[in-house]
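# Coordinates in review
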Amino acid sequence: MFYRSFGFYLWAIPMAVWFAFGRPTGRDLYVLIPALILFKFFLQGITIYIFGSRYAHLFFFYANANLSRRQLFFSAFIIDFVLFFLSMCTIQLSSEWIK
């Protein structure tokens, strides 16, 4: 529920960057992955800052459910990276199957 509010943007923006670089696959994708990972760290930091400052009042719901901010953002971080790596693996495998 928490990740759903901003997860699309954390997934769509790096995919847009991947498209902007010409949708690299194979060895070209391996060169781009470290830059995408750093970009995802940057986006996650921006998300934490925005949610911490502008939407602080929304954390009361999660606090009543006995979830801290750290747990929320850590779980969102893990979900985001799992989805990112699954999408990159899918892209890599589909490019190999198409050849």
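Summary of the structure given here. (Residues numbered from 1 in each chain as written. Predicted model: local features only at pLDDT ≥ 70, side-chain atom pairs only at ≥ 80, totals over all residues. Heavy atoms only, no water.)

Another point: the overall build of the protein chain. Across its full length, the protein chain carries four helices and zero strands. The order of helices and strands in the protein chain, counted from the N terminus, is α-α-α-α. Projected onto its principal axes, the C-alpha positions of the protein chain cover 50 × 20 × 15 Å. The buried share among the 99 residues of the protein chain stands at 33%. (Helix = DSSP H or I, 4+ residues; strand = E, 2+ residues; numbered from the N terminus. Buried < 20%, exposed > 50% of the residue type's maximum accessible area, 1.4 Å probe, protein only.)

Where helix H2 (residues 27–54) contacts helix H4 (residues 69–98), the two axes come as close as 11 Å, and the packing angle between them is 155°. Overall, the two elements H2 and H4 adopt an arrangement that is roughly antiparallel. Once H2 is placed against H4, the crossing between them reads as right-handed. Seen from H2, the contacting residues are Leu29, Tyr30, Leu36, Ile37, Lys40, Phe41, Gln44, Thr47, Ile48, Phe51 and Gly52; seen from H4, they are Arg69, Phe73, Ala76, Phe77, Asp80, Phe81, Phe84, Phe85, Met88, Ile91 and Gln92. Among the residues making up the contact of H2 with H4, the classes are represented as 15 nonpolar, four polar and three charged. (Axes fitted to C-alpha atoms, helices over the stretch in contact; angles between N-to-C directions. Parallel < 35°, antiparallel > 145°, perpendicular 65-115°, else oblique. Left-handed = near helix turned anticlockwise from the far one by under 90°. Contact = heavy atoms within 4.5 Å. Nonpolar A, V, L, I, M, F, W, Y, C, P; charged D, E, K, R; others polar.)

Moving on, we get to H4. Between the first and last C-alpha of H4 there are 43 Å, a value that for 30 residues agrees with the 44 Å anticipated at 1.5 Å per step. For H4, the secondary structure elements touched by its buried residues are helix H1 (7–20), H2 and helix H3 (59–64). (Expected span 1.5 Å × (residues − 1).)

Taken as a whole, this structure holds one salt bridge when the rule is applied. Residue lysine 40 is joined to aspartate 80 by a salt bridge in which the shortest nitrogen-to-oxygen separation is 3.1 Å. Of this pair, lysine 40 sits in helix H2 while aspartate 80 sits in helix H4, placing them 40 residues apart in sequence. We classify aspartate 80 as buried; its relative accessible area is 1%. (Salt bridge = Lys/Arg side-chain N within 4 Å of Asp/Glu carboxyl O.)

Relative to the helices and strands, isoleucine 50 is located in helix H2. Each C-alpha atom of the pair isoleucine 50 and isoleucine 13 lies 16 Å from the other, and the pair is 37 residues apart in sequence.

Before going further, it helps to spend a moment on H2. One full turn of an α-helix is made of 3.6 residues, so residues set three or four places apart face in the same direction. Helix length check: H2, at 28 residues, gives a terminal C-alpha distance of 41 Å against a target of 40 Å (1.5 Å per residue), a fit within 8%. Most pronounced at isoleucine 33, the bend in H2 amounts to some 35°, and the proline proline 34 follows within four residues. Along H2, the positions that sit buried rather than exposed are Leu29, Leu32, Ile33, Leu36, Ile37, Lys40, Leu43, Gln44, Thr47 and Phe51. Taken together, the buried residues of H2 touch H1, H3 and H4. (Bend = angle between axes of the 7 residues up to and from the residue.)

Two numbers describe a pair of packed helices, the interaxial angle and the distance between the axes. Where H1 meets H2, the closest approach of the two axes is 10 Å, and the angle between their N-to-C directions is 145°. Viewed along their axes, H1 and H2 form a crossing whose handedness is right-handed. Contact with H1, carried on its side by Leu10, Ile13, Pro14, Val17 and Trp18, involves Leu29, Leu32, Leu36, Phe39, Lys40, Leu43, Gln44 and Thr47 of H2 and no other residues of that element. Tallied by class, residues from the contact of H1 with H2 come to ten nonpolar, two polar and one charged.

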